[in-house]
Amino acid sequence: MLSKEDVLKIAALSKLEFSESEIEKFRVDLNKIFEHMEELNGVDTTDVEPLFNVLDLKDKLREDKVRDAGIKKEILENSPNKDEEFIIVPKVVGENADN
């Protein structure tokens, strides 16, 4: 069973502060949780298959299709730094990113 000191240690690690009444309430609640976990640990699950998803659904995937949205010209018009085909951005990878 958890003691008051255990709850205070957990609170400190969690960077939480509790009043005296809250400490006692959490001590009781945490002890109930640990008792329930011990009960669950005692259940024999030897022949139980692992459950990966509660619903037996498969992802519905679609084929990727490349399409031209027809807005390249509008996008380039809004860019402050561009050439005829691309938006020009600063270099961010390399030894000297200032160039």
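Residues numbered from 1 in each chain as written. Predicted model: local features only at pLDDT ≥ 70, side-chain atom pairs only at ≥ 80, totals over all residues. Heavy atoms only, no water.

Our focus in this paragraph is the packing of aromatic side chains. Counted according to the given criterion, the structure contains one aromatic pair. Where Phe-18 meets Phe-26, the ring centres are 4.5 Å apart and the plane angle is 45°; that geometry is what we call tilted. You can call Phe-26 partly exposed: its relative accessible area is 31%. Lying across the ring of Phe-26, Lys-25 places its NZ or CZ 5.6 Å from the centre. Note that Lys-72 overlies the ring of Phe-86, its terminal NZ or CZ placed 5.8 Å from the centroid. (Phe/Tyr/Trp six-rings, centres within 6.5 Å; stacked < 30°, edge-to-face > 60°. Buried < 20%, exposed > 50% of the residue type's maximum accessible area, 1.4 Å probe, protein only. Lys NZ or Arg CZ within 6 Å of the ring centre and 35° of its normal.)

Before going further, it helps to examine the side chain of Arg-27. Topologically, Arg-27 is positioned in helix H2 (residues 20-41). By relative accessible area, Arg-27 is classed as buried at 18%. Side-chain polar atoms of Arg-27 contact the side chain of Glu-24, separated by 2.7 Å. Discounting chain neighbours no more than four positions away, the residues touching Arg-27 are Met-1, Leu-2, Ser-3, Lys-4 and Val-7. (Helix = DSSP H or I, 4+ residues; strand = E, 2+ residues; numbered from the N terminus. Polar contact = N/O pair within 3.5 Å; in protein donor to acceptor, adjacent residues only side chain to side chain. Contact = heavy atoms within 4.5 Å.)

So, on to the pattern of salt bridges. Using the criterion set out here, one finds five salt bridges in the structure. For Arg-62, the salt bridge identified is with Asp-64, shortest N-O distance 3.7 Å. Residue Arg-62 is classed as exposed on the basis of its relative accessible area, which comes to 67%. When its relative accessible area of 67% is taken as the criterion, Asp-64 is described as exposed. Here Lys-72 makes a salt bridge to Glu-85, at a shortest N to O gap of 2.7 Å. Residue Lys-72 is found in helix H3 (residues 72-77), and its partner Glu-85 is found in the segment after H3; the two are separated by 13 residues along the sequence. Taking the relative accessible area as the measure of exposure, Lys-72 reaches 41% and is therefore partly exposed. (Salt bridge = Lys/Arg side-chain N within 4 Å of Asp/Glu carboxyl O.)

These figures come from the coordinates and say nothing about function on their own.
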